[in-house]
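Descriptive analysis of the structure
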Amino acid sequence: MTGESIIEVRGLRNQFGAQVVHEDLNMDLLRGEILGVVGGSGTGKSVLLRCILGLRRANVGTVRVFGEELLALPAERRSQLERRFGVLYQRGALFSSLTVVENIALPLIEHARLDRADAEALARVKLALVGLPADAGGKYPTELSGGMVKRAALARALALDPDILFLDEPTAGLDPIGAAAFDQLIRTLRDALGLSVFLVTHDLDSLYTLCDRVAVLAQKQVLVADRLDVVAANEDPWVREYFHGPRGRAAEQAAMRAPGSP
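All of the points below concern the structure found in this document. Values in this document were obtained by computation on a predicted structure and should not be read as measured data.

Attention now moves to the sheet that holds strand E5 (residues 68-69). Taken in spatial order, the 4 strands line up as E2-E1-E4-E5 in an open sheet, and their pairing is antiparallel. Where the open sheet ends on each side, the last strands, each with one partner, are strand E2 (19-30) and E5. Strand direction decides the pairing type here: strand E1 (residues 5-16) and strand E4 (residues 60-65), joined by 5 bridges, are antiparallel. Looking at the pairing, arginine 10 lines up with threonine 62 of E4.

In structure tokens, the structure reads:
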């Protein structure tokens, strides 16, 4: 991890009618880090994610990725920049009518212009990268377990060798063992591939065992973004309830017992 900001959010304001979700929000993602983004219901975590991905134009403010403002770019340059993103949506968002290999091959065919045979061969490499057996490639998403769907969706997110990986509640719905294994996979991939990771999560175990920094959305802004021990010491009522309640204490103790946690 370096001090270089590869995502810079400045002065962001998001408003829906009379409801202001964000006001003068500032945030950075540093190269090589895993940044966990948390906040209570209605704090606009998904709205922020959509702004960074260029799926929503903020009412006020700028989002710069690799030094460029995504929504101000010509279409071709914007498309080139977006290929450096990998996105894992909360429920996987795999196409149910395609096999797993076909799902992963699709962005390789559409964006990298590979022929189908080459795309599917590379898709099988991505399957192995996320720890799925070879026979999973020929199955449809409905034939997979929840954990396997997450890994297949992660393989698709990695198809174009992105620089930034965006994860939206990646461990939601997984049992504790499956969630812990997925967290370890993310860390391994970050270290092996040099990824920067923007992680939206409610999973306290993920925050304690995986994240280099944590950003808390509250009061329409990023209230604090720092190492988890600094964040947990914040006096904000939501922060104290979230990190110092029974689940937060259990997650902290489990992380202290685990080898290699940040």
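Further remarks concern a nonpolar patch on the surface. Judged by side-chain polarity, Leu114, Leu122 and Val125 come together as a nonpolar surface patch covering roughly 210 Å² of accessible area. Take leucine 122: it is sitting in helix H4 (residues 116-129).

Relative placement of two packed helices is described by the angle separating their axes and the distance separating the axes. Interhelical geometry of helix H5 (residues 146-157) versus helix H6 (residues 176-193) gives an angle of 15 degrees and a closest axis separation of 11 Å. Classified by the interaxial angle, the pair formed by H5 and H6 is roughly parallel. Seen along the crossing, H5 lies across H6 with a hand that is right-handed. Residue-level contacts link Lys150, Arg151 and Leu154 of H5 to Ala181, Phe182, Leu185, Ile186 and Leu189 of H6. Of the residues contributing to the contact of H5 with H6, the split by class is 6 nonpolar, no polar and 2 charged.

Once that is clear, we can look at the side chain of glutamate 120. Among the secondary structure elements, glutamate 120 is positioned in helix H4. Beyond its immediate chain neighbours, meaning those up to four positions away, glutamate 120 contacts Val101, Glu102 and Ala105.

We now examine the pattern of salt bridges. Tallying each qualifying case throughout the model produces 15 salt bridges. Lysine 126 is the salt-bridge partner of aspartate 161, the closest N and O atoms lying 2.5 Å from each other. Of this pair, aspartate 161 sits in the loop between H5 and strand E7 (164-168) while lysine 126 sits in helix H4, placing them 35 residues apart in sequence. Across the pair glutamate 235 and arginine 240 runs a salt bridge, and its minimum N-O distance is 3.7 Å. Overall, glutamate 235 belongs to the exposed group, its relative accessible area being 59%.

About the criteria used
- Residues numbered from 1 in each chain as written.
- Predicted model: local features only at pLDDT ≥ 70, side-chain atom pairs only at ≥ 80, totals over all residues.
- Heavy atoms only, no water.
- Pairing = 2+ DSSP bridges.
- Helix = DSSP H or I, 4+ residues; strand = E, 2+ residues; numbered from the N terminus.
- Patch = residues over 30% accessible without salt bridge, like charges linked within 9 Å, V, L, I, M, F, W, Y side chains within 5 Å.
- Areas by Shrake-Rupley, 256 points an atom, 1.4 Å probe, with all protein chains shown as cover.
- Salt bridge = Lys/Arg side-chain N within 4 Å of Asp/Glu carboxyl O.
- Axes fitted to C-alpha atoms, helices over the stretch in contact; angles between N-to-C directions.
- Parallel < 35°, antiparallel > 145°, perpendicular 65-115°, else oblique.
- Left-handed = near helix turned anticlockwise from the far one by under 90°.
- Contact = heavy atoms within 4.5 Å.
- Nonpolar A, V, L, I, M, F, W, Y, C, P; charged D, E, K, R; others polar.
- Buried < 20%, exposed > 50% of the residue type's maximum accessible area, 1.4 Å probe, protein only.

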